[in-house]
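# Structural overview
Below are the chains, spelled out letter by letter.
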Amino acid sequence: MAYAVASEKGDACYSVPARSVWRLLLLPMFVLVFTLLLNSNCVSSYSSAYLDFTYSNSTVMERGKLGLKNPGVCSEEAKHLPVCECGFKMLDSCFLSKKKMLEIEKGANDFNIPIIRSNQELVATTDGGLYNPSCLVFNSAWKVQPLENEPNKKLNYPSPAGVQRPQSDEDIAFMSILELGQLLKANLITSVDLTGIFLKRLKRYGPVLESVVTITEELAYKQAKEADQLLAEGRFLGPLHGIPYGLKDIIAVPNYTTTWGSTSFKDQVLDIEAWVYKRLKSAGAVLVAKLVTGSLAYDDIWFGGRTRNPWNIEEYSTGSSAGPASCTSAGLVPFAIGSETCGSITYPASRCGVTALRPTFGAVGRTGVMSIAESLDKLGPFCRNSVDCVIVLDAIRGKDPDDVSSRDIPFNVPFSVDITKLTVGYLEDAEMEVVHVLQSKGVNMVPFNLSYTVDSAQGILNFTMDVEMLAHFDKWQRSNLDDEYEAQDQWPIELRRARAISAIDYVQAQRARGILIQQVRESFKVDAFIGNATDWEKVCVGNLVGIPVVVVPTGFKKISDAPSNDTRRRTTITTGIYAPPDHDHVALALAMAYQSVTNHHKQRPPIDDLGPNDTIPGLTKIPVVV
């Protein structure tokens, strides 16, 4: 769900966002702290009063239920160092006198630590945030809007005319959800046959792209047979009936591993049906695979390797929804469910050139899904086109009774939106082809700038994400399992730093976030706007505010350092269509309008044929699956 910037991974396709600057500052920060610890000019050693402190006072806390079992005393090695004062320095609390620091340390041992440890035993014995959600709930709605449709009433979809079964299985693999549905309803293919096509592609290309964790073959054929039986009985569950798909491997499915992409949890089997899986199962969809998530939903690195971009197989997909993006792009699944905390839908969708939706925060329930940040996490679809995104969102949206942040968002019919009545802004970094196409279709396009004065959006995002993540993986860190993490410069560093963020500063960050939300709301004077989908500032602001964005492929350009002029590898170009919270249907309507007259989203990546004189040294040979 979180996104590690490209420059940190030796991947120069994206510029370095400010988040990298945070990490670049870590080494000087630690050098400074150790200098302070060892420099006698900084502070003197602890006073004799502190050295004689025994923590044996007979307080009410000690005698009561939360009695001190193992007080949080400093280690013998640290006692002669000015750890106390330097610790307060890291918390920006040097205004306190030494006497006050010692009083606080004593109070922390007598009072705070017993409460901390009691809470750990109560809610932090299981990693991943699957249980005991916070009662502090973020609501992304700007105003209460009446639901025009019944919350559970599904939309009516257009039926594509004249759909015939292609002779090639590859042509079938790149058909849209509606087209595949037509084949199924017309008895031109069965769900079992369709499932077999995608299972073969998963087995053939998954190892090459390093994009698949588990193929759920037995379950897939069982669900496909049930779908065919219902069709034979004249029962049609909707446009996802009999359609195969994949889930990011942070989403729990009983009897299969849910690895979270991590060595620490690669054998984990959760006896939980995630809410989103239940919704798709009830819609008749067929689960064919659990797809790669970066380790603990950070980036594209996982315990089995690093997921590749099908359009340029020498580079990586970026973002923790690496598997859903890569597999959808390569035609291994018709659609997939990914997640985003900050960039893990928008970045891999942009890199792999697929249409994807990061919906309004709270639009999709998250029960049974590994949590990073309860006030930021979102689930969304990776699809062939924006119409497919509408179909999938319609199936999975709605109030999840076990996810207190979820709600029934207004979702008016995107197919009925009169785009000629919309005023849509475009930022300086918008792809102008999208602007011109929408303008030609009657949309009122105007220059736009999303203005706000809060200058710390990226810092607010890091505080929010890292503190909430550490709350969900407290046991993992305390058990030193972070030492076996796949990329030591990612979560391990961030979550250790998060230990030094006080509750006060976390709350202050949320107050600053509230100001940011208010300013964005006041500045959002258009119905939607077009802008870069991977600009780090917009990614941070969009996730903090909870606004939806559709990532739309808009073309291709030559790769850098191409091995030959006739290589078929490309760098994809995309843009984002942003809307206010609860206006996902507006962004989707504009995306559909653009894609109705363009075909960038219909292009296929060169997996089998990279072009003459183009080979990737060391790349695994593509296996033949019969």
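Residues numbered from 1 in each chain as written. Predicted model: local features only at pLDDT ≥ 70, side-chain atom pairs only at ≥ 80, totals over all residues. Heavy atoms only, no water.

## Concerning the overall build of the protein
- Of regular secondary structure, the protein possesses 21 helices and 15 strands.
- Counting over 626 residues, the protein shows a buried share of 57%.
- Put simply, of all contacts in the protein between residues at least 6 apart along the chain, 78% involve residues at least 24 apart. (Helix = DSSP H or I, 4+ residues; strand = E, 2+ residues; numbered from the N terminus. Buried < 20%, exposed > 50% of the residue type's maximum accessible area, 1.4 Å probe, protein only. Contact = heavy atoms within 4.5 Å.)

## Describing the pattern of salt bridges
- Under the criterion given, the structure shown has 24 salt bridges.
- Here Lys-281 makes a salt bridge to Glu-273, at a shortest N to O gap of 2.4 Å.
- A relative accessible area of 35% means that Lys-281 is categorised as partly exposed.
- The partly exposed category is assigned to Glu-273, whose relative accessible area is 27%. (Salt bridge = Lys/Arg side-chain N within 4 Å of Asp/Glu carboxyl O.)

## Details of the pairing of strand E13 (residues 528-531)
- The side-chain alternation of E13 yields two buried faces, one formed by Ala-528 and Ile-530 and the other by Phe-529 and Gly-531.
- Here strand E11 (residues 423-426) pairs with E13 via three bridges, running parallel. Its bridge partner lying in E13, Val-424 is registered against Ala-528.
- Alignment of E13 against strand E15 (residues 571-578), held across three bridges, turns out to be antiparallel. Looking at E15, one finds that Ile-530 is bridged to Ile-577. (Pairing = 2+ DSSP bridges.)

## What about the state of the cysteines?
- Using the criterion set out here, one finds zero disulfides in the structure.
- Summary of cysteine pairing: Cys-352 is not part of a disulfide, and the nearest cysteine sulfur, belonging to Cys-327, is at 9.3 Å.
- There is no disulfide at Cys-383, and the cysteine sulfur nearest it, in Cys-389, is 3.8 Å away.
- Overall, the relative accessible area of 1% leaves Cys-383 in the buried class. (Disulfide = S-S within 2.5 Å.)

## Some words on the side chain of Thr-307
- With respect to the secondary-structure elements, Thr-307 resides in the loop between strand E5 (305-306) and strand E6 (308-309).
- One polar contact links the side chain of Thr-307 to the main-chain carbonyl oxygen of Glu-210, over a distance of 2.7 Å.
- Setting aside residues no more than four positions away along its own chain, Thr-307 makes contact with Leu-209, Glu-210, Ser-211, Val-292, Asp-300, Trp-302, Tyr-316, Ser-317, Ala-322, Gly-323 and Ser-326. (Polar contact = N/O pair within 3.5 Å; in protein donor to acceptor, adjacent residues only side chain to side chain.)

## Section: helix H18 (residues 491-498)
- Counting buried residues along H18, six of its eight residues qualify, which places the element largely inside the surrounding structure.
- Listing the buried residues of H18 in full gives Trp-491, Pro-492, Glu-494, Leu-495, Arg-497 and Ala-498.

## Re unusual backbone geometry
- Its identity is not glycine, yet Leu-296 carries a phi of approximately 50°, on the positive side.
- Position of Leu-296 relative to the elements: it lies in the loop between strand E3 (286-291) and strand E4 (301-302).
- Residue classification places Leu-296 among the buried positions, given a relative accessible area of 0%.
- For Asn-480, which is not glycine, the phi dihedral falls at a positive 65°.

## What about the packing of aromatic side chains?
- What the rule picks out here adds up to 17 aromatic pairs.
- Between the aromatic rings of Tyr-347 and Trp-536, the centroid separation amounts to 6.2 Å while the plane-to-plane angle is 45°, which identifies the pairing as tilted. Taken together, the residues Tyr-347 in helix H13 (residues 346-352) and Trp-536 in helix H20 (residues 536-545) connect sequence positions 189 residues apart.
- With a centroid separation of 5.4 Å and an interplanar angle of 35°, the aromatic rings of Phe-448 and Phe-529 are classed as tilted. Residue Phe-448 is located in the loop between strand E12 (444-447) and helix H16 (457-472), and its partner Phe-529 is located in strand E13; the two are separated by 81 residues in the primary sequence. Each member of the pair Phe-448 and Phe-529 is classed as buried.
- Three or more aromatic residues joined by ring pairs make a cluster, and in this case those are Trp-142, Phe-448, Phe-524, Phe-529 and Tyr-578. (Phe/Tyr/Trp six-rings, centres within 6.5 Å; stacked < 30°, edge-to-face > 60°.)

## Thoughts on the packing of helix H15 (residues 432-440) against helix H21 (residues 584-595)
- Across the interface, H15 lies against H21 with an axial gap of 9 Å and an inter-helix angle of 90°. Here H15 lies roughly perpendicular to H21, going by the angle between them. Listed contacts from H21 to Glu-433, Val-434, Val-437 and Leu-438 of H15 are Leu-590, Ala-593 and Tyr-594.
- For the contact of H15 with H21, the per-class residue count stands at six nonpolar, no polar and one charged. (Axes fitted to C-alpha atoms, helices over the stretch in contact; angles between N-to-C directions. Parallel < 35°, antiparallel > 145°, perpendicular 65-115°, else oblique. Nonpolar A, V, L, I, M, F, W, Y, C, P; charged D, E, K, R; others polar.)

## Here's the deal with the sheet that holds strand E1 (residues 212-215)
- Pairing in this open sheet of 11 strands is mixed, and the strands run E1-E3-E2-E8-E10-E9-E14-E15-E13-E11-E12 from one edge to the other. Of all strands in the sheet, those with a lone pairing partner are E1 and E12, marking the two edges. Strand-to-strand twist in this sheet, taken as the mean axis angle between neighbours without regard to direction, amounts to 30°.
- Two elements, strand E14 (residues 549-557) and E15, share eight bridges in a ladder whose sense is antiparallel.

## Focus: the nonpolar core
- Grouped together as the largest cluster of nonpolar side chains are 135 residues, with contacts concentrated most on Leu-240, Leu-280, Leu-296, Phe-335, Ile-337 and Leu-590.
- Residue contributions to this core peak at nine residues, all from H21. (Core = buried A, V, L, I, M, F, W, Y, C linked by side-chain atoms within 4.5 Å.)

## Details of the confidence of the model for the protein
- Of all residues in the protein, 83% have pLDDT values of 70 or greater, and the mean over the chain is 85.
- Scored below 50 in pLDDT, residues 75-81 makes nine contacts in the model with residues more than four places away or belonging to other chains. (pLDDT = per-residue confidence, 0-100.)

## A word on H21
- Compared with the 16 Å implied by 1.5 Å per residue over 12 residues, the 16 Å span of H21 between its first and last C-alpha is a close match.
- In terms of burial, H21 is largely enclosed, as 12 of its 12 residues are buried. (Expected span 1.5 Å × (residues − 1).)

## Remarks on the side chain of His-585
- Position of His-585 relative to the elements: it lies in helix H21.
- A relative accessible area of 7% means that His-585 is categorised as buried.
- The contact partners of His-585, leaving out residues within four places of it in the chain, are Phe-411, Asn-412, Pro-414 and Val-417.

## Focus: the pairing of E14
- With seven of nine residues buried, E14 is to be regarded as a mostly interior element.
- The pairing of strand E9 (residues 355-358) with E14 spans three bridges and is antiparallel. Residue pairing in the sheet places Ala-356 in a bridge with Val-551 of E14.

## Structural notes on the packing of H16 against helix H19 (residues 503-523)
- For the pair H16 and H19, interaxial distance at closest approach is 9 Å and the crossing angle is 135°. Accordingly, the angle class assigned to the pair H16 and H19 is oblique. Viewed along their axes, H16 and H19 form a crossing whose handedness is left-handed. Only Asp-505, Tyr-506, Ala-509, Gln-510, Ala-512, Arg-513 and Leu-516 of H19 make contact with H16, whose side of the interface consists of Ala-457, Ile-460, Phe-463, Thr-464, Val-467 and Glu-468.
- Its residues assigned to classes, the contact of H16 with H19 comprises eight nonpolar, two polar and three charged. (Left-handed = near helix turned anticlockwise from the far one by under 90°.)

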